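Geometric and topological summary
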Amino acid sequence: MQRIRQASDERWSDLLRLDPSVNTALYIQLADRIRAAIEQKQLSPGEKLPVSKEMQRISGLSSITVENGISILVREGWVIRRPRYGTFVVEKTPRTGDRLRNRQKLGVVRVVFHQIYPYGEYWFRLLLDLETELRRAGFRMEFWQRSNEFPFGAQELEEGCTALIFCGTCPAALVRIIAQDDFPLLLLGSLDRPHAVPAGVDMLMHDDRQSAFEAMNHLLKLGHREIGCITAPAGTQLHQDYLTGIHQAAEEFKLDPSQLHIVSMPVASLADGNEAVKPLLCNHTGITALLSTDSLVTCGIRNALTELGLRIPEEISLITLGESGLFSILRPALTTVRSQEPPGGFVVKAVEILMDRLQNPSHLCKIVNFGTPQVMVRESTRFLRREPQKK
């Protein structure tokens, strides 16, 4: 009897070997280890798990950690509790459709921002519309901020929710892990690296490449040939998309590459917009127009131009991507490129895609560009008026 118990302890000690050094909670690791053992047939259908006290003794984990880990497996349908008898591996492991239904019972969609803050009117309205549409669909929204201080891993993000929505610049490495878990994930934005979107992930985004093209094309049609562009962080997919659109327009007008001055912003903020444009204009005094890809940065640029004594648009034209109710009432009112779509259309489409992923086992993940970028011409851009040459 002693030998049987010793062999059982050794077996479970190996199964419950966790790594406290990784950024994944121990109770999630515990659930992952037991789930993997069931999938790999190391635990048989109907096999009884050690009681909580035995599992604590073997693994060194606390009672709360053990309880939380086992609760995950119960909710997901991997094990079943039988009062007064114990916890057992289910006779039939969950199929894909069953897992989707189990996730839906949680009723939570987690919205995650990575290394950015939901500042400004655009993100505020998007979060408000998301909360409304998800509630209509029978789900509750949670907001999580992922940062260097809180570097949540895939398992922590997945635990306790039905699906994930990533907003803004999405971390490619993390997206790949979540895709491998076959966990419902919708990206509202692009990746932080110019990589292909992994299979099993939906992406909904505005056509950033075409937006940058339309903005650049507008300035070139007005006769501007020395243009400064303040864009997204270098190395990101968003930066690459903006550059592609800008260069496409420049090539159509046969613009000399030396006349195009591009600055990538590591952080999108009002202060950074103010500081970035000053050296740009001092180093390239021939610039007659500026293109900004971020609305908050654009406000910083306006402040910098005022401090430098440059008048918009008499001395320099300014165009920005995105739209804000503020832009039409500023003086001069800002020319913008915005996506033409029905009110709330982007969020309605996002929730529609997510619900199909959750309810349709044969759902095909896809990348969708939503809306048609159009220039809203206002007062901040004008035809370039060249000074007559002196005889």
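This text gives an overview of the structure that appears in the document. (Residues numbered from 1 in each chain as written. Predicted model: local features only at pLDDT ≥ 70, side-chain atom pairs only at ≥ 80, totals over all residues. Heavy atoms only, no water.)

Attention now goes to the overall build of the protein chain. Assigned secondary structure in the protein chain consists of 13 helices and 14 strands. Computed over its C-alpha atoms, the radius of gyration of the protein chain comes to 27 Å, more than 25% above the 21 Å expected for a compact globule of 391 residues. By its C-alpha atoms, the protein chain is 110 × 40 × 35 Å across when sized along the principal axes. When the 391 residues of the protein chain are sorted by exposure, 49% land in the buried category. (Helix = DSSP H or I, 4+ residues; strand = E, 2+ residues; numbered from the N terminus. Rg over C-alpha atoms; globule rule 2.2 N^0.38 Å. Buried < 20%, exposed > 50% of the residue type's maximum accessible area, 1.4 Å probe, protein only.)

The full count for this structure, using the stated rule, is 12 salt bridges. The salt bridge involving R35 is made with D32; its shortest N-O contact spans 2.8 Å. In this pair, R35 and D32 both sit in helix α2 (residues 26–39), three residues apart, roughly one turn of the helix. Summarising the burial analysis for this pair, R35 and D32 share the class buried. A salt bridge links R57 to E54, with the nearest nitrogen and oxygen atoms 2.7 Å apart. (Salt bridge = Lys/Arg side-chain N within 4 Å of Asp/Glu carboxyl O.)

Right, let's get into the nonpolar core. Among the nonpolar cores identified, the biggest contains 26 residues, and L130, I165, L188, L204 and L354 are the most heavily contacted of them. The set of elements that each furnish at least two residues to this core consists of β3 (108–114), α6 (120–136), β5 (163–167), β6 (185–188), α13 (345–359) and β13 (367–370). Residue contributions to this core peak at eight residues, all from α13. L16, I28, A37 and I70 belong to the second largest nonpolar core, which has 22 residues in total. (Core = buried A, V, L, I, M, F, W, Y, C linked by side-chain atoms within 4.5 Å.)

Following the criterion strictly, the structure yields six aromatic pairs and no others. The cationic tip of R82 hangs over the ring face of F88; the distance from NZ or CZ to the ring centre is 4.7 Å. (Phe/Tyr/Trp six-rings, centres within 6.5 Å; stacked < 30°, edge-to-face > 60°. Lys NZ or Arg CZ within 6 Å of the ring centre and 35° of its normal.)

Quick look at the packing of helix α11 (residues 270–283) against helix α12 (residues 295–307) now. Put simply, α11 and α12 touch, their axes get as near as 7 Å, and they point 50 degrees apart. On the basis of their axis angle, the class for α11 and α12 is oblique. Here α11 runs over α12; the crossing is right-handed. Of the residues in α12, those touching α11 at L270, G273, N274, V277, K278 and L281 are L296, V297, C299, G300, I301, N303, A304, L305 and E307. Of the residues in the contact of α11 with α12, the class split is nine nonpolar, four polar and two charged. (Axes fitted to C-alpha atoms, helices over the stretch in contact; angles between N-to-C directions. Parallel < 35°, antiparallel > 145°, perpendicular 65-115°, else oblique. Left-handed = near helix turned anticlockwise from the far one by under 90°. Contact = heavy atoms within 4.5 Å. Nonpolar A, V, L, I, M, F, W, Y, C, P; charged D, E, K, R; others polar.)

Here the amide bond leading from I312 into P313 is cis, since omega sits at 0 degrees, within 30 degrees of zero. Inspection of the secondary structure assignment puts P313 in the loop between α12 and β11 (317–321). Of note, the bond from R331 into P332 is cis; its omega dihedral lies within 30 degrees of zero at 0 degrees. Relative to the helices and strands, P332 is located in the loop between β11 and β12 (335–340). Even without glycine at this site, R84 takes up a positive phi of about 70 degrees.

The next point concerns the sheet that holds strand β4 (residues 140–146). Taken together, six strands build an open sheet; the order of strands is β4-β3-β5-β6-β7-β13 and the sheet is parallel. Either end of the sheet is taken by a strand with one partner, and the two such strands are β4 and β13. For this sheet, the mean inter-axis angle between neighbouring strands, taken without regard to orientation, is 20 degrees. Bridge analysis of strand β7 (residues 202–206) against β13 gives four bridges, and the strand direction is parallel. If you follow H206 over to β13, its bridge partner there is F370. (Pairing = 2+ DSSP bridges.)

Time to look at the sheet that holds β12. Strand order in this open sheet of six strands is β9-β8-β10-β11-β12-β14, and the pairing throughout is mixed. Edge positions in the open sheet fall to β9 (260–264) and β14 (372–376), since each of these has one partner strand only. Pairs of neighbouring strands in the sheet enclose a mean axial angle of 20 degrees, with direction left out of account. Strand direction decides the pairing type here: β12 and β14, joined by five bridges, are antiparallel. Counted as the bridge partner of V337 is V375 from β14. Packed on one face of the sheet, helix α9 (residues 208–221) meets β8 (227–231), β9, β10 (289–292), β11, β12 and β14 and runs near 165 degrees to β11. Each of β8, β9 and β11 touches helix α10 (residues 237–252); the most contacted strand, β9, lies at about 170 degrees to it.

As a further point, take the environment of D208. Tracing the chain through its elements places D208 in helix α9. Judged by relative accessible area, D208 falls into the buried class, the value being 14%. Discounting chain neighbours no more than four positions away, the residues touching D208 are L238, D241 and Y242.

The end-to-end C-alpha separation of α2 is 20 Å, in line with the 20 Å expected for 14 residues at 1.5 Å each. Those residues of α2 that sit buried are I28, Q29, L30, A31, D32, I34, R35, A37 and I38. In the stretch just after α2, K41 is the one whose phi turns positive, near 65 degrees. (Expected span 1.5 Å × (residues − 1).)

Any link to function would need more than the numbers given here.
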